[in-house]
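The residues making up each chain are set out below.
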Amino acid sequence: MSLNKGKPCRRVAELSLESIVGLMPWTYDYDLAVIGGGSGGLAAAKEAAQLGLKVVLFDYVKPTAKGTTWGLGGTCVNVGCIPKKIMHYAGLLGKSIKDARYLGWNLPEYTQFDWNLLVEKVQNYIKMLNFSYKVSLRSAKVCYINALAYITTNNEIEYFLNEKSYKIHSRAIIIAVGSRPFVPRDVPGAFELTITSDDIFSLEKSPGKTLIVGGSYIALECASFLNDLNFDVTVSVRSVVLRGFDRQCSNKVMNNLEELGVKFKFKNLPSKIEKCEREDKLLVTYTNGERDLFDTVLYAVGRVAETKNLGLENVGIIVGLDGKIPVNERDETSATNVYAVGDVAQGRLELTPTAIQAGEYLARRLAAVSSKIVNYNNVPTTVFASYEYSSVGYSQEKAKEYFGKENIEVYLREFSSLELSAAHRLKNERLWADEFDKEASPQCLSKLICLKSEDEKVVGFHFIGPNAGEICQGFALAIKLGAKKSDFDELIGIHPTDAESFCTLSVTLASGQDFRVSAGCGGGKCG
Amino acid sequence: MAPIGDGPDYDLVVIGGGSGGLAAAKEAASLGAKVAVLDYVTPTPKGTRWGLGGTCVNVGCIPKKLMHQAALLGDAIEDSQSYGWQFSNPENIKHDWGILRQAVQNHVKSVNWVTRVELRDKKVDYINGLGLFKDAHTVQTTTKQGERTITSKYFLIAVGGRPRYPNIPGATEYGITSDDVFSLEDSPGKTLVIGAGYIGLECAGFLRGLGYDATVMVRSVVLRGFDQQMAGLISAAMEERGVKFLRKCVPKSIEKAIDGKLLVKWTSENGQEFGDTFDTVLFAIGRRALTREMQVEKAGVQVAGDGEKIDAVNEQTNVPHIYAVGDVLYKKPELTPVAIHAGRLLARRLFGNSTVQMDYENVATTVFSPLEYGCVGISEEVALQRYGEDNVEIYHAYYKPTEFFIPQRSIAHCYIKVIAKRGGDQKVLGMHFIGPQAGEVIQGFAAAMKCNLTMNALMSTVGIHPTIAEEFTRINVTKRSGKDPNPASCCS
């Protein structure tokens, strides 16, 4: 066999891997082969290398139907968290411009937005990150191979480079290939004519009037920044938005978006998509017969793991319908020496930070320096909709189901962020009932779900409003440490902020009292 | 008119309608007490006055945050161009002070109104008059209706404080303070802020952000009492934005120059004299408690060593039925939420059979400088002094906010620091953060510290990605190790 870099095989000393069944009699080229250079894969590779293992990392991006492709770093860096956050921020700046006028800046009534400039800036940033990852792999002495890996045995991977086939042998294999957006094949025109989140961040043509299909966080985040960037946005949802999330919060997120101008269609999905040559647009026919023209249709109806051509059948791994690989708590698959972390692993949260932690902890276990496994309880997450939604712990529904309705006490408050109320943000014109009904509703919601049987221990934390991600992080830590409602009550707030609202929550959902506040002091009180 | 009958007129008379006073009054009333609040604003030397609500609402937190926000929006306008937003004449984008002033005052007035309504709803009597002690059981005041005396079972001194003026020629004739800046009729122009506490820095910060030439005169150190490394980073960040600092200088006089501007003379550390003209001189050299004005000595209430604040124990003065809360308290944090919480707890102890005392430790706070500084717990200096260098571990890191890259905003001062006990669980003693939205970031960590946060818990917590706050969960370089605290790359 020959190796890509032509380096001699290093003898691996003093390593005890978790399972050594099926050990071949020759020396391994590597201690660890990672397939997938995303959040989980990179973390595992670098950590393992730092701990003295010899590591190879394969990364390859299958182009989208539109031909979009990208560099090293996986979903997060290229077509996920990073570009999403940047576009979200670009959208927020657009709103800031309107606020700025109210607070004294002499800006024109309407500001133009240049989509291509934003895409250029986003892509430049991503390329910089791609490069920095290559460099960090090199400094960590991880061998990086930009090729599609194929598992032939529990310890062997085959790959092609310049039309030649190569094989490497590794003691252990970590599959971290992540997932890709799913586009239904039973909707005529969907596959050929639409885009997904894989394409939006590098879209050459301005998206224009956009239809987003799906009610997932990805759908809402795309809808949010496109709407904030002044594009006409419609979201077509099969049943509910943010399935699995707290219902009250999901509805609030949606209401906020509606007030900002996003149009929602429920239980009315596209049944056919055709090219309208005359106008260079897409003609969408809905299930109820309605038709409409759009410049762009974006599908965000779920993600599937691309494990079909990975060679999993060669090691006896059977994947789920979504392509994901079943794993146990130690990230082991059913095949010895083969592990899986990140989005590709069944039942795992699809988040970068958990993938990173899983990759790092697995590497440490493989190098036998630790036996720690990831704790997936109380992992905080944020939906970066225009007004962000952050949560950690249980939703109200899951809390009721798990602990019993009588055992739950929900404290909450709806309010306007100080800066936003002073700037008198307005609802979208379409929603004005009359000239007295222009102002936007309070956009913030602070909610704590407490367990009566455990001295009102906080089991769910939810916040909707600006900077929700920043606000939630520290509280996630407090929840992890077992914070109770009394801890929140005794906590002195920082004034004026939105986060301080959690220090003075007193109205419960059960009381039926009005939990909307509009005193003008933001999240807190002035007296 | 005071009701005729046996017994005192009220169960509780609160002198001062600010954060602490109002919170205590409303809580006491909701527990069934008969309560009156006296509030009065002595006009500033410039003649500025304001309505019910105290410092926070009128000349503190609220208008400050709105002006800070207006300044930040100036940054946002600049950044937005890198993100694709287009302006036909970006060089001509300017700020109109009058519009901001109006928007701020409108908001403040709306809060005054809500405050007034809340008192009425809670059936608290509001008296717009300066309350003076006649004796330990009587307060007298003069309102539009005339003089009246009021007796009460308990009194609560919540008069707060007002900015000091230095004893130099021209100070009161020509200088303004934070009491005046938020309602200033004319645009401030080229401003000298004398004082480098958080008030001085916040004012200079937003003035610079709105486009004005701003200078801060520092007598000794910036942000005295705060972690000095962080204070240094804050002032460096401000200098990077164009705020000028005159360090170790003391003002000597202010006079009117021939062109109508203000000529300020000062001496530097080595005694050299300097002078320059400014449109506005803003004193932010500290605040004084208003105990003299209310004649506390007539009630037998003692003041603390500084001659004006009250050294209460559990908010009780040396006169058992007279209490104090808020900024008037000696050696307690001068913060609205502290005053509110202490006021509420006091009311519950007086009228609600509670025994819960106020905990003034580990109160989180934020300096709303252009690049904000949020902190909770102790500073590095206090940690080293209290526990010794060998028993303290300092973790630190510079970080790169994702949003700063595209507009190429300076990340030189984006820095976080965690101070922990060395060894064992490594209990966290202090957390310090410089960056955008510092208040929002730090609040939750303050909650975690209340739940006995340790480094172990911090470092094994999953971050929210991509945020700035998650940097705290990735912190791992100690000062002791000497390793580079600069960030590597993102995501891994």
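Note that this is a predicted model, so its numbers are computed, not measured.

What counts, and where the lines are drawn
- Residues numbered from 1 in each chain as written.
- Chains lettered and ligands numbered in written order.
- Predicted model: local features only at pLDDT ≥ 70, side-chain atom pairs only at ≥ 80, totals over all residues.
- Heavy atoms only, no water.
- UniProt positions renumbered as here; feature names shortened; annotations may be inferred.
- Helix = DSSP H or I, 4+ residues; strand = E, 2+ residues; numbered from the N terminus.
- Contact = heavy atoms within 4.5 Å.
- Buried < 20%, exposed > 50% of the residue type's maximum accessible area, 1.4 Å probe, protein only.
- Pairing = 2+ DSSP bridges.
- Axes fitted to C-alpha atoms, helices over the stretch in contact; angles between N-to-C directions.
- Polar contact = N/O pair within 3.5 Å; in protein donor to acceptor, adjacent residues only side chain to side chain.
- Buried area = accessible area lost by both parts, 1.4 Å probe.
- Salt bridge = Lys/Arg side-chain N within 4 Å of Asp/Glu carboxyl O.
- Expected span 1.5 Å × (residues − 1).
- Domains from an automatic or database assignment.
- Nonpolar A, V, L, I, M, F, W, Y, C, P; charged D, E, K, R; others polar.

**Some thoughts on the UniProt feature "binding site: NAD(+)" (unreviewed entry) in chain B**
Residues and elements named next belong to chain B. Here, UniProt's "binding site: NAD(+)" (unreviewed entry) annotation points to Gly 195, Ala 196, Gly 197, Tyr 198, Ile 199, Gly 200, Leu 201, Glu 202 and Gly 286. On the basis of their most widely separated C-alpha atoms, the annotated residues across 92 residues gather in one place, lying no more than 13.6 Å apart. Here Gly 195 is to be found in the loop between strand S10 (191-194) and helix H7 (198-209). Excluding residues that lie within four positions of it along the chain, Gly 195 makes contacts with Gly 200, Val 216, Met 217, Ala 284 and Ile 285. When its relative accessible area of 0% is taken as the criterion, Leu 201 is described as buried.

**A word on the sheet that holds strand S18 (residues 381-383) of chain A**
All names here are of chain A. The antiparallel open sheet is built from 5 strands, whose spatial order is S18-S19-S22-S21-S20. Of all strands in the sheet, those bounded by a partner on one side alone are S18 and strand S20 (408-415). With strand direction ignored, the average angle separating the axes of adjacent strands in the sheet is 15°. With 3 bridges joining them, S18 and strand S19 (residues 388-393) adopt antiparallel strand pairing. The residue bridging Thr 381 from the neighbouring strand is Ser 391, located in S19. Sitting on the sheet, helix H12 (residues 468-480) touches S18, S19 and strand S22 (457-465), and the angle it makes with S19 is about 10°.

**A word on the sheet that holds strand S10 (residues 233-237) of chain A**
Residue and element names in this part refer to chain A. Ordered by their spatial adjacency, 4 strands build an open sheet running S11-S10-S9-S15, and the pairing between neighbours is parallel. Looking at the sheet topology across the chains shown, the edges are occupied by strand S11 (263-266) and strand S15 (296-299). Sheet twist, expressed as the mean angle between neighbouring strand axes with direction ignored, is 20°. Where S10 and S11 come together, 4 bridges link them in parallel fashion. By the bridge assignment for S11, Ser 236 is matched with Lys 265. Across the sheet, helix H7 (residues 217-228) touches strand S9 (210-213), S10, S11 and S15, and the angle it forms with S9 is around 165°.

**Some points on the UniProt feature "active site" (unreviewed entry) in chain B**
In the numbering adopted here, UniProt assigns the feature "active site" (unreviewed entry) to His 465 of chain B. In terms of polar contacts, His 465 of chain B uses its side chain to reach the side chain of Glu 470 of chain B, at 2.8 Å.

**Examining the interface of chain A and chain B**
For interface size, the figure often reported is the accessible area lost on association. Counting from both sides, the interface comprises 93 residues of chain A and, opposite them, 89 residues of chain B. Carbon and sulfur atoms make up 69% of the area that chain A and chain B hide from each other, which totals about 7900 Å². Here chain A is connected to chain B by 3 salt bridges. Applying the counting criterion to the chain A and chain B interface returns 28 residue pairs in polar contact (both at pLDDT 80 or more). For the side of chain A that touches chain B, the element with the most residues is helix H3 (residues 81-102) of chain A, which contributes 14 residues.

**So, H7 of chain B**
Here H7 of chain B is 12 residues long and its end C-alpha atoms lie 16 Å apart, about the 16 Å a rise of 1.5 Å per residue gives. Gly 200, Leu 201, Glu 202, Cys 203, Ala 204, Gly 205, Phe 206 and Leu 207 of chain B are the residues of H7 of chain B that are buried.

**Some remarks on the pattern of salt bridges**
All names here are of chain B. Taken as a whole and assessed by the stated rule, the structure comprises 53 salt bridges over all chains. Glu 380 is the salt-bridge partner of Lys 479, the closest N and O atoms lying 2.7 Å from each other. Residue Lys 479 is found in the segment after helix H14 (471-474), and its partner Glu 380 is found in helix H10 (residues 380-387); the two are separated by 99 residues along the sequence. Among the residues examined, Glu 380 registers a relative accessible area of 14% and is labelled buried. A single salt-bridge network, built from bridges that share partners, covers Asp 75, Glu 78, Asp 79, Arg 241 and Arg 409.

**Some thoughts on the domain arrangement of chain A**
Residue and element names in this part refer to chain A. The assigned domain composition of chain A is domain 1 (26-66 + 135-180 + 304-366), domain 2 (74-118), domain 3 (183-301) and domain 4 (387-503). The interface of domain 3 with domain 4 comprises 16 residues on the first partner and 21 residues on the second. Three residues stand out in domain 3 for area buried against domain 4, namely Asp 246, Lys 252 and Glu 259, and they jointly supply 39% of the buried area on that side. At the junction of domain 3 and domain 4, the tally comes to 2 salt bridges. A salt bridge links Lys 252 to Glu 414, with the shortest nitrogen-to-oxygen separation between them at 3.6 Å. Taken together, the links from domain 3 to domain 4 amount to 10 residue pairs in polar contact (both at pLDDT 80 or more). Of the residues in the side of domain 3 that touches domain 4, the class split is 6 nonpolar, 4 polar and 6 charged.

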